[in-house]
Amino acid sequence: MKTKTIRPASLLIILLSVTLNISIAQTKAEDQSRKIQLFNGKDLTNWVFYLKDKSVDPAAVFTVRNGVIHISGNPFGYMRTKETYSDYKLHVEWRWPSEATNSGVFVHGQKPDTIWLKCVECQLMAGNAGDFVCMNGADMNERNDKSTPVVRKMAAASEKATGEWNTMEVVCSGNTIEVFVNGILQNKGTNVTVSSGSICLQSEGKDIEFRNVFLLPADR
């Protein structure tokens, strides 16, 4: 019976492959240890609610079902984190359960609470997911047309069909914000005038659902 001999070059490839796999596994483990869960999958105890119509109970607008946040969209408003954050990668998954309409993810939200608080909105409006909206005085270099708060996305729409889950990742590093929709870089804002604050999920029109809302530290 012949004995197979592993050549030095082959051995080097094997060792490099093993080392790479170990490094990837360690990186994933470190990321998990640094993850901040903004939504625990059970309730909304670590969120604050603001609605334009103060007579409406937020519990009727913002609910949790089977590990998913359901926002009715009516009346207008938002749910925001109690804590403020800076320098992070925000991961959010969303879908339109019945009709693709309008909503948004706010970053660097500033107090006081008001229906259009000072922040940068990462737009979720159907067909425009990835636009920036500079709200209530927030600004960035890319807002060349000062007659509108909107900075249009850079690429073709990358949203999925109604009923399917989408992923938005927002990377906030210093005064720069990048937004990815389903892995596609849709926008980048530089010299943003707000660099820390609350994170908000918007109620704006009709039903929308969110899940897997968490932060990782941004690489600077």
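Whatever comes next refers back to the structure up there.
Residues numbered from 1 in each chain as written. Predicted model: local features only at pLDDT ≥ 70, side-chain atom pairs only at ≥ 80, totals over all residues. Heavy atoms only, no water.

Caption draft 1: Representation of the overall build of the chain. Of the regular secondary structure elements, the chain holds one helix and 15 strands. Pairs at least 24 apart in sequence give 67% of the contacts found in the chain among residues at least 6 apart. Split by element, the accessible area of the chain, about 11,600 Å² in all, is 52% carbon and sulfur. (Helix = DSSP H or I, 4+ residues; strand = E, 2+ residues; numbered from the N terminus. Contact = heavy atoms within 4.5 Å. Areas by Shrake-Rupley, 256 points an atom, 1.4 Å probe, with all protein chains shown as cover.)

Caption draft 2: Structural view of the packing of aromatic side chains. What the rule picks out here adds up to four aromatic pairs. One aromatic cluster in this structure is built from Tyr 50, Tyr 78 and Phe 106. The ring of Phe 214 carries Lys 35 above its face, with NZ or CZ at 4.3 Å from the centroid. (Phe/Tyr/Trp six-rings, centres within 6.5 Å; stacked < 30°, edge-to-face > 60°. Lys NZ or Arg CZ within 6 Å of the ring centre and 35° of its normal.)

Caption draft 3: Spotlight on the sheet that holds strand E7 (residues 104–109). The strand order across the open sheet formed by seven strands is E2-E5-E14-E7-E8-E9-E10, and the pairing between neighbours is antiparallel. If you trace the sheet from one side to the other, it starts and ends with strand E2 (47–51) and strand E10 (150–151), each paired once. Pairing of strand E9 (residues 132–135) with E10 involves two bridges; the strand directions are antiparallel. Note that in E10 the partner of Val 133 across the bridge is Val 150. (Pairing = 2+ DSSP bridges.)

Caption draft 4: Region of the structure containing unusual backbone geometry. Of the consecutive residues Asn 74 and Pro 75, the connecting peptide bond is found in the cis state with omega at 5°. Within the secondary structure layout, Pro 75 lies in the loop between strand E4 (68–71) and strand E5 (77–81). The amide bond that connects Lys 111 to the next residue, Pro 112, takes the cis arrangement and shows omega of 5°. Residues other than glycine seldom take positive phi values, yet Asn 66 does so here, at roughly 50°. Tracing the backbone through its elements, the reader meets Asn 66 in the loop between strand E3 (62–65) and E4. The exposure class of Asn 66 is exposed, given its relative accessible area of 84%. Even without being a glycine, Asn 136 presents a positive backbone phi close to 55°. Within the secondary structure layout, Asn 136 lies in the loop between E9 and E10. (Buried < 20%, exposed > 50% of the residue type's maximum accessible area, 1.4 Å probe, protein only.)

Caption draft 5: Spatial organisation of the nonpolar core. Counting 41 residues, the largest nonpolar core has Ile 71, Leu 90, Trp 94, Val 120, Met 168, Val 170 and Phe 210 as its most contacted members. Setting aside chain neighbours within four positions, we find Ile 71 in contact with Val 61, Phe 62, Met 79, Leu 201, Gln 202, Ser 203, Lys 206, Asp 207, Ile 208 and Phe 210. (Core = buried A, V, L, I, M, F, W, Y, C linked by side-chain atoms within 4.5 Å.)

Caption draft 6: Layout of the environment of Lys 52. Note that Lys 52 resides in the loop between E2 and E3. Between the alpha carbons of Lys 52 and Ile 115 there is a distance of 5.9 Å; along the sequence they are 63 residues apart. The contacts of Lys 52, once residues within four sequence positions are left out, are Phe 76 and Ile 115.

Caption draft 7: Local environment of the pairing of strand E14 (residues 198–203). For E14, a buried count of six out of six residues is recorded, marking the element as mostly surrounded by other parts of the structure. The two faces of E14 match: Ser 198, Cys 200 and Gln 202 on one face and Ile 199, Leu 201 and Ser 203 on the other face are all buried. Looking at chain direction, E5 and E14 are connected through four bridges and run antiparallel. For Tyr 78, the partnering residue across the bridge sits in E14 and is Gln 202. Here E7 runs beside E14; their pairing, made up of three bridges, is antiparallel. Each residue of the ladder has a partner; that of Phe 106, found in E14, is Cys 200.

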